[in-house]
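# Descriptive analysis of the structure
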Amino acid sequence: MKPERDDSLPIWGGEERYPLNSLQAPIYQTSSFRFRNIEELRDLAEGRARHYLYTRYTNPTLEWVEKKIAAVEGGASALVFSSGMAAMATALLALLKQGDRLLASSSLYGGTYELVKELLPRFGISVSFFSVKEGPLQGLKLRPRLLLAESPTNPDLQLLPLVETAQAARRNGVLTLIDNTFASPINQRPLHLGWNLVMHSATKFLSGHSDLIAGALIGSAPLIQEIQPFRKIMGGVLDPSTAYLLGRGLKTLYLRVQRQNHNALQLARFLEEHAQVQKVVYPWLESHPQYELARRQMSGGSGVISFYIRGGWEQSRRFFNSLKMIPISTSLGGVESLVTSPYYTSHHALSARERKQAGVTPNLVRMSVGIENADELCADLNQALIASQKVSRSISKSVKTKVVK
């Protein structure tokens, strides 16, 4: 029976009967494959037979995890890559050529933004940007070949109306590519909402254990077949051992994301009431300006919260350094909670104006919420926020002292 429910797909999607009746998929840890005779090699070269040749082309372990990812995301086919950036770069170079135009959201992951702004123009590809708040309608009049976006965005968690955007692009004959990393397939399936191609940094929620780097593209079989030769040529293929770890992590995706949704909403509500927090951004909060849109196109708020600490960098610095349970680290989507400063990580290379447009300031904290006990996470955040408030008071006393003297 083919699995169809969200909680069954990560476990049984893409599975089949394996050699020696193994319950788990084998790891084909090999760079190349042998042939019984030279005629087999000749038939492969001349297109009369299918045979595994070289893992940079494909590998049974890769195909196993690709089938699973496609099933979970609701697509016909998928490709896995050595990183999310390898997936994104390969997709863009496969679908765009000299003279084409890319219409991209100005709110993108920092690495993706650098790729489209700095590198694509070197290959004769024009790039235009649109803001998520204003939408892409004006940009579509420029007749781009491809529209690229994220939703929710990193790190300000803005939402793009996915159905309406996909419909507008289709009317204009424009292909659509979305980075669905922050939502995960459990909370959002853009292919079902009309998008052509979905990209994931599989390092994040798909893997879920902060122990591998991987990327994925999911879409229709013809579109994935169009991209596959570029992966082969560019070489950004995933290693079989890492592919196996990714597939193993995927099996708990539903349970992990449901718990992260629950924890994140509890923490977001706690932070929203805290006196030392200026603002909390989380799609499932009623205070989010696009709350109704989030409820319409997402089935959960996901596991990322952004919040602004009252004060400036000094208060934020003390907050980060006062945390006892939650580590400071990059990335997101793992079973453990993490905090980071986008100002000094993903968006540090951007200009001051670009950071301002993305809502990235020194007092911004991005938190990836894990599956720990939510009350313990709240307690750690609380004591660190209180510590940051003590800095504000000490600074104020110091200023008063100097004025008196």
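Residues numbered from 1 in each chain as written. Predicted model: local features only at pLDDT ≥ 70, side-chain atom pairs only at ≥ 80, totals over all residues. Heavy atoms only, no water.

### Some points on the overall build of the protein
Spelled out, the test is: By the criteria applied, helices consist of DSSP H or I runs no shorter than four residues and strands consist of E runs no shorter than two, each listed in order from the N terminus. Note on method: radius of gyration uses C-alpha positions; expected globular size equals 2.2 Å times residues raised to 0.38. Each residue gets one of three labels from its accessible area relative to the maximum for its type: buried under 20%, exposed over 50%, partly exposed in between, using a 1.4 Å probe on protein chains only. Only heavy atoms enter the contact rule, under which two residues are in contact if any of them lie within 4.5 Å. Using a 1.4 Å probe, the Shrake-Rupley method yields the accessible areas, and only the shown protein chains count as cover for residues.
When helices and strands are tallied, the protein shows 15 helices and 11 strands. Its C-alpha radius of gyration of 23 Å places the protein within 12% of the 22 Å reference for a compact globule of 405 residues. Across its three principal axes, the protein shows a C-alpha extent of roughly 95 × 50 × 35 Å. Taken over 405 residues, the protein has a buried fraction of 53%. Long-range contacts, defined here as pairs at least 24 residues apart, represent 74% of the contacts in the protein between residues at least 6 apart. For the protein, the accessible area works out to roughly 18,700 Å², and carbon and sulfur atoms hold 52% of it.

### Side note on the sheet that holds strand S2 (residues 101-105)
Using the following cut-off: In this scheme, strands are said to pair when DSSP sees at least two bridges between them. Axis definition: a line fitted to C-alpha atoms, over the contacting stretch in the case of helices. Angles run 0 to 180 degrees between N-to-C directions.
The mixed open sheet is built from 7 strands, whose spatial order is S1-S7-S6-S5-S4-S2-S3. Looking at the sheet topology across the chains shown, the edges are occupied by strand S1 (77-81) and strand S3 (126-130). Averaged over all adjacent pairs, the angle separating strand axes in this sheet is 20°, with direction ignored.

### Remarks on the nonpolar core
For the record, the criterion: By nonpolar core we mean a set of buried residues, namely Ala, Val, Leu, Ile, Met, Phe, Trp, Tyr and Cys, connected to one another through side-chain atoms within 4.5 Å.
If you look at the biggest cluster of nonpolar residues, it comprises 52 residues, and the most contacted ones within it are Ile69 and Leu246. Of all the secondary structure elements, the ones that give two or more residues to this core are helix H3 (60-73), S1, strand S4 (146-150), helix H7 (162-171), strand S7 (215-219), helix H10 (240-250), helix H11 (253-272) and strand S9 (304-309). At 6 residues, H3 tops the list of elements feeding residues into this core. Setting aside chain neighbours within four positions, we find isoleucine 69 in contact with Ala78, Val80, Leu206, Ala216, Ile218, Leu246 and Leu250. Counting residues in hydrophobic clusters, the runner-up holds 32 residues, among them Ala183, Phe320, Val339 and Cys378.

### Describing the packing of aromatic side chains
The criterion, for reference: Pairing of aromatic rings covers Phe, Tyr and the six-membered ring of Trp, with a centre-to-centre limit of 6.5 Å; geometry is then stacked below 30 degrees between planes, edge-to-face above 60, and tilted otherwise. Only when the NZ atom of a Lys or the CZ atom of an Arg is both within 6 Å of the ring centre and within 35 degrees of the ring normal do we say a charge sits over the ring.
Throughout the structure, instances matching the rule amount to 6 aromatic pairs. Centroid distance phenylalanine 33 to tyrosine 52: 5.4 Å. Interplanar angle 35°. Geometry classified as tilted. Remark: tyrosine 52 occurs in the loop between helix H2 (38-45) and H3 and phenylalanine 33 occurs in the loop between helix H1 (9-12) and H2; sequence separation between them is 19 residues. The class for tyrosine 52 is partly exposed, based on a relative accessible area of 21%. Centre to centre, the rings of phenylalanine 319 and phenylalanine 320 are 5.6 Å apart; their planes meet at 65°, and the pair counts as edge-to-face. By the burial criterion, phenylalanine 319 is buried, and phenylalanine 320 matches it. Every member of this aromatic cluster is reached through a ring pair, and the members are Phe307, Phe319 and Phe320. Taking NZ or CZ as reference, lysine 232 lies 4.7 Å from the ring centre of tyrosine 57, over its face.

### As for the pattern of salt bridges
Put simply, the test is: One speaks of a salt bridge when a side-chain nitrogen belonging to Lys or Arg is within 4 Å of a carboxyl oxygen belonging to Asp or Glu.
Tallied over the full model, the rule gives 13 salt bridges. Across the pair glutamate 46 and arginine 48 runs a salt bridge whose closest N-O atoms are separated by 2.5 Å. Classification of glutamate 46 as partly exposed rests on a relative accessible area of 48%. Looking at arginine 48, the relative accessible area reads 52%, which means it is exposed. Between glutamate 63 and arginine 50 there is a salt bridge, and its shortest N-O distance comes to 2.5 Å. Here arginine 50 lies in the loop between H2 and H3 and glutamate 63 lies in helix H3, a separation of 13 residues in the sequence. Exposure remark for glutamate 63: the relative accessible area of 17% places this residue in the buried category.

Any functional reading would require information beyond the geometric quantities listed.
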